[in-house]
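Chain by chain, the residues:
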Amino acid sequence: MGSIPINTPIEHNHCLQESVGKDYPDKERYQKMMGKLIHLSLTRPDIAYAVYVVSQFMHSQKIPHMKAVERILKYLKTCPGKGILFKKHNKIEIEAFIDVDWTGSVGDRKSTSAYCTYVGGNLVTWQSKKQNVVARSSVEAGYRAMAHGVAELLWFRTLLGDLEVKVDGPLKLCTSANTHDQPKDKPYSFIGRGGYRQSFSQAIEGQLLKNLVGLIFGNNRFSDSTTAADSAIARTLHAISEVGMVCYMFVLGLEMDPYVLFLPPTREVMVAYTGILSTFIVACIVIPFLTLSKHTNLRYVLILSISLSNTASPLLTRLITELKIGKSDIGRLAVSAGMHSDMISTLLISIGLISIPTREEGVYIGEIVFLTALVFIQVFLMVKGLPSFTNWINDNNPEGKHMNGPHLVLAIGTVVMVCCFAPLAAVSPIMNSFLTGLIIPRGGRLSKMLTNKINYFLSVLFYPIYFCWVGMQADFRQFKTKDWHTWANLLLLFIAATLGKISGTLIAGIMLGFNWPESIALGLLLNIKGHFHIYCAMIALEAGAMNTGSFIDMVIVSILTIVYVPLVVAFIVGRARKRSCLQPMTLQWLDPGSELRMLLCLHGPHNVPTAINIMEITRGGHSGLVVYATDMIELNSRTAATLVQGEDLDAVTVADETIVSMREQISNAIQAYMDASGDGISLHRMLALSTFSNMHQDICNIAQDVSASFIILPFHKSQKVDGRMDEGHANFRNVNRKVLRHAPCSVGILVDRGLGLINKVKSHSYVSLNAAVIFIGGRDDREALAYAGRVSRHPGVTLTVIRFVHDTNADNSSILAGGIHIAGSLKQVEEEMRIDDECFAQFYDMHVAAGKVGYAEKYVANSAETVSSLRGMEGQYALFIVGRGGPGGRANTILTAGMNDWEECPELGPIGDILSSSDFSIMASVLVIQQHILKHDIEGISDEFSVM
């Protein structure tokens, strides 16, 4: 490559997203390069994170993604010989270093965990991986990162123990201070603050406490200062605040799109306009009755009314994002309406400033006309020149290259000149900078750079100085707490702003069909006031149009509009939780006569006969069955180099001849069955192509995309010729375990021991398959019973339900029961048993009483008798359907107590592990089912909830 080398593999604070940018035309080249980089990252930990980032876009490559890949190559050019050096040390210690980037992913706000492990002082493993769920706080993200590090440490200790290698000293887990926002001298002092309490604390800390400190400090230090030094400090703070507000308004305009004013009105526009109009009317009615100014004239009323109609959109956006409702419909609507409201109100204030008197005798009509003409000419020239100039800068300085120095100086100089020396700057440089930012195009490198740099300046330097300056002007001693007029002004100001916004959103809600509680909540969110409102009050104070007490009232009102926002969000979330219609994706809650969507996973062609029989018995009677036959294929360096874009539902296809031949063999076999007797079954072919460490994510994502209610995974062990099970595939076992933890629906693990040897379960009247469902109790057993109900409707299946009942009269019933810990409280156990009885009674009435299903009861006193009864069933059935009975999955633990201690495969549960062991039977297949438990990101609801 002839490019210039770069010192870092990825841009700092990158904003790569899946949907941003133009499509990259040569997708095959991108995927081949990614395959090689993934292979290279196995020995180059310095590019592991960068490769992880760009590998997320293999299915939808954009030009910025390709530029990021090229940046990695440029970095590799600077250090082609860099590698890992292994040295001999006297001691063998195991250390893990972890870190986490909380909500660092721009696209989905998920956190990224990273760890590296040292054995004997040498780096041996490392990983940078996005967490599976959105962490509600940095503490939660830190704990997840620690869990990864601890798991790696324990794995190494077990591995070295198996190799009979002695480990010196304890296992060490080292964290970064950023991992959990704790001091370095207290690396493990976590304080759990979850959900909205965490977000509330962050919002208050970020938006109020720092500002209040500046207010109090400025008020106490400078309010009555008379020395020359204090006066000089005051003048300096005033100048810095003026410059900061120019930057603030410039960025505010830069983040807005003025062209939305010319588009057809949307619901966001309707909400914004009705809120502005209603607040303006209410404020115009209320303000003349307030004693805020000695001279309450029309101009004063109009400007203050427009100011109260405004919304602090940057502050609103930040609060909504921190409080985790940015992806909801009301959150998106509030942010968009706030931007519209802020833009319209600020434009109106900019126009109104032309007519504000600059001297006591006022402004003549001729001067107003002259200023208006100058401003019109300025805006016309800016609209014609600034976009072309900005696009020229962006075209000559593309992403991924250093910005040209002269171009950067020219761009900044032009912006400063327009903001400070244009005709409108003589009237108000603040409003002039807002119009300048509004005209400059939002897209492009220059706008992004200016926004990032100026926002950093504002947050680090300007805001503390600004509120110190505000505190210097606000002499709290002039706030007459004993005068009822003071409190009346404060209350009426707050009511005018709040009532106006609520009235507007209620009117818009009636027109758009919103619920009135959500309309009120939306009005309260749009009522947020911020820095610009306080600045307008400051201008009025310096011009003598407002006294100090009234200015303090405006400051307090602005603070009050921020304080209640977390309470409003909590109300919205509570309403969403009550209205949430989300149901667990389980078989138990699925209508038996409705269509079943099933994700049937396959390791290879050897799973096809068993899969066909599972499809046949699962379709039962006449209810529909949609099967998504999914091939589980490992993504390695060889496979990644052959990826090409697919044309069907698969995101990508593999050009490797071995894999293509295998998939064709599977497809042909299943399609032959569909052609012969596939009535009522809809078949779709899918592909889970990933590394084994991430394959569970692909399976879960496919299941969620197709709204599957049931996933069936093949057991990681296969049956040998002698009937016993082989050692199995450890990677597939890990995939099964992860799917059990993260699946969006119920999951079944199928242990095939002869089910595939049956030619095909016949759909005729005679019996082809004897099956049994074991019912002890718990949600997993109820799920197994629901699946057995579908199987029982197949005419070629003879099903027997075997219920294990605790024999409380047996002499030895208390021998093992004593000392057994029942999971949960006694009340919870009783409730679970009541649900079990209701579920089983319903199944009995529908299937057993009708003569379709056989029934047997086994009275056992303890787990030993349970095992003995199970062994007595050997050779009677070709298929067992059982619940996994994992943690919390079974209430009556007396009948299975102690079985977990000698489980060989915990993912099968105690009953499934016994039935699938080689000591039990060599001809009985086992389907172990786990019921889905609904999990959400925001306390019981999805983060993309809808309430409007």
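In this text the structure is predicted, and so the values were computed from the model without any measurement.

Visitor: Even after reading the chapter, I still don't get the overall build of the protein chain, so can you show me in this structure?
Guide: Helix and strand counts for the protein chain come out as 30 helices and 16 strands. In the protein chain, buried positions account for 51% of the 948 residues. In the protein chain, of all internal contacts separated by at least 6 residues, the share reaching a separation of at least 24 is 80%. Summing over all exposed atoms, the protein chain offers an accessible surface of approximately 44,100 Å²; the carbon and sulfur share of this is 59%.

Visitor: Would you mind going over helix α3 (residues 63–78) with me for this structure?
Guide: Each α-helix winds once per 3.6 residues, and so residues spaced three or four apart point in a common direction. If you check α3, its first and last C-alpha atoms are 23 Å apart, about what 16 residues at 1.5 Å a residue would give, namely 22 Å. Regarding α3, the residues found buried are His65, Met66, Ala68, Val69, Arg71, Ile72, Lys74, Tyr75 and Leu76. Tucked into the core, α3 has its buried residues touching α1 (27–40) and α2 (48–55).

Visitor: Can you walk me through the packing of aromatic side chains in this structure?
Guide: For any two aromatic rings, the description comes down to two numbers: the centre-to-centre distance and the angle of the planes. Applying the stated criterion to the full structure yields nine aromatic pairs. A centroid spacing of 5.6 Å and a plane angle of 55 degrees characterise the contact between Phe840 and Tyr855, whose relative ring orientation is tilted. Of this pair, Phe840 sits in helix α28 (residues 826–848) while Tyr855 sits in strand β14 (residues 853–860); the two residues are 15 residues apart in sequence, bridging distant segments of the chain. Using a relative accessible area of 29% as the deciding quantity, one classes Tyr855 as partly exposed. In textbook terms, an aromatic cluster arises when at least three aromatic residues are bridged by ring pairs, as seen for Phe775, Phe840, Tyr844 and Tyr855. Over the ring of Phe840 we find Arg803; its NZ or CZ atom is 4.6 Å from the centre of that ring.

Visitor: Even after reading the chapter, I still don't get the side chain of Asp781, so can you show me in this structure?
Guide: Turning to its location among the elements, Asp781 is positioned in helix α26 (residues 779–792). Side-chain polar atoms of Asp781 contact the backbone nitrogen of Gly883, separated by 3.3 Å.

Visitor: Could you clarify how one ought to interpret helix α25 (residues 730–742) in this entry?
Guide: For α25, spanning 13 residues, the distance from its first C-alpha to its last is 19 Å, which sits close to the expected 18 Å at 1.5 Å a residue. Among the residues making up α25, those that are buried are Phe732, Arg733, Val735, Asn736, Lys738, Val739 and Leu740.

Visitor: Looking at this structure, how should I read unusual backbone geometry?
Guide: Peptide bonds are, in most cases, trans, and in most cases residues other than glycine have a negative phi. Even without glycine at this site, Ser707 takes up a positive phi of about 60 degrees. When you line up the elements, Ser707 lands in the loop between α24 (695–705) and β10 (710–714). We classify Ser707 as partly exposed; its relative accessible area is 41%.

Visitor: Where do I start with a nonpolar patch on the surface in this structure?
Guide: Together, Trp155, Leu159, Leu163 and Val165 make up an exposed nonpolar region whose accessible area comes to about 370 Å². One can find Leu163 in the loop between α4 (138–162) and β4 (172–175). On the accessibility criterion, Leu163 (57% relative accessible area) is exposed.

About the thresholds
- Residues numbered from 1 in each chain as written.
- Predicted model: local features only at pLDDT ≥ 70, side-chain atom pairs only at ≥ 80, totals over all residues.
- Heavy atoms only, no water.
- Helix = DSSP H or I, 4+ residues; strand = E, 2+ residues; numbered from the N terminus.
- Buried < 20%, exposed > 50% of the residue type's maximum accessible area, 1.4 Å probe, protein only.
- Contact = heavy atoms within 4.5 Å.
- Areas by Shrake-Rupley, 256 points an atom, 1.4 Å probe, with all protein chains shown as cover.
- Expected span 1.5 Å × (residues − 1).
- Phe/Tyr/Trp six-rings, centres within 6.5 Å; stacked < 30°, edge-to-face > 60°.
- Lys NZ or Arg CZ within 6 Å of the ring centre and 35° of its normal.
- Polar contact = N/O pair within 3.5 Å; in protein donor to acceptor, adjacent residues only side chain to side chain.
- Patch = residues over 30% accessible without salt bridge, like charges linked within 9 Å, V, L, I, M, F, W, Y side chains within 5 Å.
- Salt bridge = Lys/Arg side-chain N within 4 Å of Asp/Glu carboxyl O.

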